[in-house]
Amino acid sequence: MNVKRMMALMRARFREFYRDTASWSWNLIMPLLIIIGFYFIFSGDSKELFKVALYNNQVTSQLELEFLKTEHVRFIDVDDLEAAIVRVQRHQFDMLLDLSSMPARYWVNEHSANGYILEKLYLESFSSGHMPLQRELVSGQDIRYVDWLVPGVLAMNMMFSCLWGVGWVVVRYRKNGVLKRLQATPLTPFEFLTAQVIARIIIIIGVTLTVFVGANLVVSFTVRGSYLALFLVFLSGAACLTSMGLIVATRLKTEEVADGMLNLLSWPMMFFSGVWFSMEGTHPLAQYMSQLFPLTHLVDAARRIMIDGSGVSGVMFEISLLSGLTVLMLLVSARLFRWT
């Protein structure tokens, strides 16, 4: 082992790093963006301890009910009553209120401690007896955090593999002169990029299937919906994220800048797409921003299949959206692509 040669290589690498302004700029800016993003999402005066769903809130908002002013309770508007009842069964909502009906109805889970406490507070607000009440009792098992987390982790792993497995590699090809040699062949940019997408999809589906089976052996989660729907969602999601990685790789010439751009895409997607925590109750602007990311629709569709039991028809919007974005980004990539 020659220490002098090693030190010379290290010095050369340090010089390459600080001369690449874009690279060290991302290393400074990215942590700040992460901190600001967390502050923005979790900003608020207090921490909500309970989640109460309000059905038909256009009428509910006109009521002067003391319970609706309770602090530390997050009130969430819902439009689908049946879906909200299912979420009460699975402990995702602590209580469901429908104050627009007569008599007013509310749902609690008989196995939920939070629901028991909220029911006591709710009935206390009606102590004067001016409004009739109808109690609806549901029963269901609590969803473990790991059951909720698995779809997000699978999607996140797919995102990193797609973005770096194509975006970073194509940039390396350009830097090493591989693309310049391919330019001398009859191969067109669209053919090259399409081949990259197909190859990456096959790899990602194989990797995701392996992770899926291995995780199921360890934590034993349940898929309540259609396996075909889950396959189609992951297939369209892999194609979409791979195409997104190609857009990054169309012009860049160094891996360092590619890393920065890929981080700029992946980290906001991971935080705003509900991988680690639900976006319900966060700032409305944060919820709007989350809908701009393909990963959000991939995670939401996978969770509806695995947790809520949806089939192909229930996630057809997400499949169509991700597939449409794939075609669009592939065409844009082919248009912007440069061999050198």
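In case you missed it, the structure is sitting above this.
Just so you know, these numbers come straight off a predicted model, no measurement behind them.

Undergrad: Help me understand the overall build of the protein chain in this model?
TA: Broken down by element type, the protein chain carries 13 helices and 5 strands. Burial status across the protein chain gives 42% buried among its 340 residues. Taking the intrachain contacts of the protein chain between residues at least 6 apart in sequence as the baseline, contacts between residues at least 24 apart amount to 76%. Per element, the accessible surface of the protein chain, about 18200 Å² overall, is 62% carbon and sulfur.

Undergrad: What should I look at first to understand the nonpolar core in this one?
TA: For soluble globular proteins, the rule of thumb is that nonpolar side chains tend to be buried together. If you look at the biggest cluster of nonpolar residues, it comprises 60 residues, and the most contacted ones within it are Met-158, Met-159, Val-170, Phe-234, Met-269, Leu-295 and Leu-298. At the level of elements, helix H6 (145-176), helix H8 (189-219), helix H9 (227-249), helix H10 (255-272), helix H12 (294-306) and helix H13 (316-336) are the ones that each hand at least two residues to this core. Counting residues per element, this core draws most heavily on H9, which supplies 12 residues. Grouped together as the second largest cluster of nonpolar side chains are 13 residues, Met-95, Leu-99, Ala-104 and Val-108 included.

Undergrad: It is not clear to me how the pattern of salt bridges should be interpreted in this structure. Could you clarify?
TA: Pairing between side chains of opposite charge can happen when their charged atoms approach one another. Going through the model one piece at a time under the given rule, you end up with 3 salt bridges. In this structure, Arg-90 and Asp-308 form a salt bridge, with 2.9 Å as the shortest nitrogen-oxygen distance. Linking Arg-90 in the loop between helix H4 (81-89) and strand S3 (95-98) with Asp-308 in the loop between H12 and H13, this pair joins segments that are 218 residues apart in sequence. Note that Arg-304 is salt-bridged to Glu-318, the shortest N-O span being 2.9 Å. Of the two residues, Arg-304 sits in helix H12 while Glu-318 sits in helix H13, which places them 14 residues apart along the sequence. The class for Arg-304 is partly exposed, based on a relative accessible area of 24%.

Undergrad: Sorry if this is basic, but what is going on with H4 here?
TA: Helical geometry: 3.6 residues make up each α-helical turn, so side chains three or four residues apart lie on a common side. Along H4, the residues classified as buried are Leu-81, Ala-84, Ile-85 and Val-88. Looking straight down H4, one finds that the buried residues subtend no more than 100° of arc, so they occupy a single side. Its side-chain oxygen at 3.2 Å from the backbone nitrogen of Glu-82, Asp-80 defines the N-terminal cap of H4. Directly after H4, the chain includes His-91, whose backbone phi takes a positive value near 70°.

Undergrad: What am I meant to see in the packing of aromatic side chains here?
TA: One pair of aromatic rings is described through two measures. These are the centre distance and the angle between the planes. Tallied over the entire structure, the rule returns 7 aromatic pairs. Taking the centre distance of 5.7 Å and the plane angle of 45° together, the rings of Trp-267 and Phe-271 count as tilted. Linking Trp-267 with Phe-271, this pair stays in helix H10, spanning 4 residues, or about one helical turn. By relative accessible area, Phe-271 is classed as buried at 12%. For the ring pair Phe-272 and Phe-293, a centre distance of 6.4 Å and an interplane angle of 45° mean the geometry is tilted. Here the residue Phe-272 occupies a position in helix H10, and Phe-293 occupies one in the loop between helix H11 (284-290) and H12, the gap between them amounting to 21 residues. An aromatic cluster is built from Phe-192, Phe-337 and Trp-339, whose rings are joined through pairwise contacts.

Undergrad: It is not clear to me how the side chain of Ser-161 should be interpreted in this structure. Could you clarify?
TA: Relative to the assigned elements, Ser-161 resides in helix H6. Within the structure, the side chain of Ser-161 is placed 3.0 Å from the backbone oxygen of Asn-157, a separation counted as a polar contact. Residues in contact with Ser-161, not counting those within four places in the same chain, are Val-166, Arg-200 and Ile-204.

Undergrad: Just to check I follow, could you spell out the packing of H9 against H10 for this structure?
TA: The description of two packed helices rests on the angle between their axes and on the distance between the axes. Relative to each other, H9 and H10 sit at 145°, their axes nearing to 9 Å. In the crossing of H9 with H10, the sense of the turn from one axis to the other is right-handed. Across the interface between the two elements, Leu-241, Met-244 and Val-248 from H9 touch Met-261, Leu-262, Leu-265 and Met-269 from H10. Looking at the contact of H9 with H10 residue by residue, the class counts come to 7 nonpolar, no polar and no charged.

Undergrad: What is the right way to read the environment of Trp-168 from this model?
TA: Its place among the elements puts Trp-168 in helix H6. The exposure class assigned to Trp-168 is partly exposed, which follows from its relative accessible area of 22%. When the C-alpha positions of Trp-168 and Met-261 are compared, they lie 9.8 Å apart, and in sequence the two are 93 residues distant. Those residues within four positions of Trp-168 in sequence are excluded, and the remaining contacts are Leu-163, Glu-255, Ala-258, Asp-259 and Leu-262.

Undergrad: Even after reading the chapter, I still don't get helix H5 (residues 113-124), so can you show me in this structure?
TA: In this model H5 runs 17 Å from its N-terminal to its C-terminal C-alpha over 12 residues, within 8% of the 16 Å that 1.5 Å per residue would give. Those residues of H5 that sit buried are Gly-115, Leu-118, Glu-119 and Tyr-122. Down the axis of H5, the buried side of the element spans an arc of 110°, and every buried residue falls inside it. Residues of H5 that are exposed and point over 90 degrees away from its buried face: Ala-113, Tyr-116 and Glu-124. N-capping of H5 is provided by Ser-112, with a side-chain oxygen placed 3.5 Å from the backbone N of Asn-114.

Undergrad: When you look at a nonpolar patch on the surface in this model, what are you seeing that I'm missing?
TA: The grouping of Leu-209, Val-213, Leu-217 and Val-218 at the surface amounts to a nonpolar patch, some 440 Å² of accessible area in total. By secondary structure assignment, the location of Val-218 is in helix H8.

Cut-offs used in this document
- Residues numbered from 1 in each chain as written.
- Predicted model: local features only at pLDDT ≥ 70, side-chain atom pairs only at ≥ 80, totals over all residues.
- Heavy atoms only, no water.
- Helix = DSSP H or I, 4+ residues; strand = E, 2+ residues; numbered from the N terminus.
- Buried < 20%, exposed > 50% of the residue type's maximum accessible area, 1.4 Å probe, protein only.
- Contact = heavy atoms within 4.5 Å.
- Areas by Shrake-Rupley, 256 points an atom, 1.4 Å probe, with all protein chains shown as cover.
- Core = buried A, V, L, I, M, F, W, Y, C linked by side-chain atoms within 4.5 Å.
- Salt bridge = Lys/Arg side-chain N within 4 Å of Asp/Glu carboxyl O.
- Arc of directions from axis to C-beta.
- Polar contact = N/O pair within 3.5 Å; in protein donor to acceptor, adjacent residues only side chain to side chain.
- Phe/Tyr/Trp six-rings, centres within 6.5 Å; stacked < 30°, edge-to-face > 60°.
- Axes fitted to C-alpha atoms, helices over the stretch in contact; angles between N-to-C directions.
- Left-handed = near helix turned anticlockwise from the far one by under 90°.
- Nonpolar A, V, L, I, M, F, W, Y, C, P; charged D, E, K, R; others polar.
- Expected span 1.5 Å × (residues − 1).
- Patch = residues over 30% accessible without salt bridge, like charges linked within 9 Å, V, L, I, M, F, W, Y side chains within 5 Å.

Everything listed is a geometric property; what it means functionally is a separate question.
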